[in-house]
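# Results of the structural survey
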Amino acid sequence: MKHKKLDSIFKIINMKNINQGINVFNKAVQDFGDSMDTMTRELSSDIEKSDKESASREQKNKENLDKIWGKRD
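Residues numbered from 1 in each chain as written. Predicted model: local features only at pLDDT ≥ 70, side-chain atom pairs only at ≥ 80, totals over all residues. Heavy atoms only, no water.

Check the secondary structure of the protein and you find 2 helices and 0 strands. Here the C-alpha radius of gyration of the protein, 30 Å, is well above what a compact globule of 73 residues would show, namely 11 Å. Residues counted as buried form 1% of the 73 residues belonging to the protein. When the accessible surface of the protein is split by element, carbon and sulfur atoms take 58% of a total near 7300 Å². With 15 positive and 13 negative side-chain charges, the protein shows a spacing of 11 Å between the two charge centroids. (Helix = DSSP H or I, 4+ residues; strand = E, 2+ residues; numbered from the N terminus. Rg over C-alpha atoms; globule rule 2.2 N^0.38 Å. Buried < 20%, exposed > 50% of the residue type's maximum accessible area, 1.4 Å probe, protein only. Areas by Shrake-Rupley, 256 points an atom, 1.4 Å probe, with all protein chains shown as cover. Lys, Arg positive; Asp, Glu negative; His and termini not counted. Charge placed at Lys NZ, Arg CZ, Asp CG, Glu CD.)

Have a look at this one:
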């Protein structure tokens, strides 16, 4: 009885099905990796842009304080 059940399970699960499952899983992992790479690049770009804007704001703030309080040496 158990032997017949195992045979029927093995007929359902053949190497072709396993290979297809592995290929689909592999593609999903690669797509996820690509998405993470894209998101990382976008975040890095945003950080660089923010750093540049921050430096510009800092310089402008310093100039404004110098106008208010006079230059400090």
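Following the structure, the description resumes.
With that settled, consider the environment of lysine 11. Tracing the chain through its elements places lysine 11 in helix 1 (residues 2-12). Judged by its relative accessible area of 66%, lysine 11 is exposed. The spatial distance from the C-alpha of lysine 11 to the C-alpha of valine 24 is 21 Å, given a sequence separation of 13 residues.

There is a patch of nonpolar side chains on the surface, built from Leu6, Ile9, Phe10, Ile12, Ile13, Met15, Ile18 and Ile22 and spanning about 800 Å² of accessible area. Contributing elements (two or more residues each) for the nonpolar patch: helix 1 and helix 2 (15-69). Here the nonpolar patch takes 4 residues from helix 1, the largest share from any one element. With respect to the helices, strands and loops of the structure, isoleucine 9 is situated in helix 1. (Patch = residues over 30% accessible without salt bridge, like charges linked within 9 Å, V, L, I, M, F, W, Y side chains within 5 Å. Salt bridge = Lys/Arg side-chain N within 4 Å of Asp/Glu carboxyl O.)

Next up on the list: the pattern of salt bridges. In this structure the tally under the stated criterion is 2 salt bridges. With its nearest N and O atoms 3.0 Å apart, the salt bridge here joins aspartate 31 to lysine 27. Taken as a pair, aspartate 31 and lysine 27 lie in helix 2 at a separation of 4 residues, close to a single helical turn. For aspartate 31, a relative accessible area of 35% puts it in the partly exposed group.

Under the 1.5 Å per step criterion, the end-to-end length of helix 2 is 79 Å for 55 residues, consistent within 8% with the ideal 81 Å. Just beyond helix 2, the residue with positive phi is glycine 70, at close to 85°. (Expected span 1.5 Å × (residues − 1).)

Here aspartate 7 shows up in helix 1. For the pair aspartate 7 and lysine 62, spaced 55 residues apart in sequence, the C-alpha to C-alpha distance is 80 Å.

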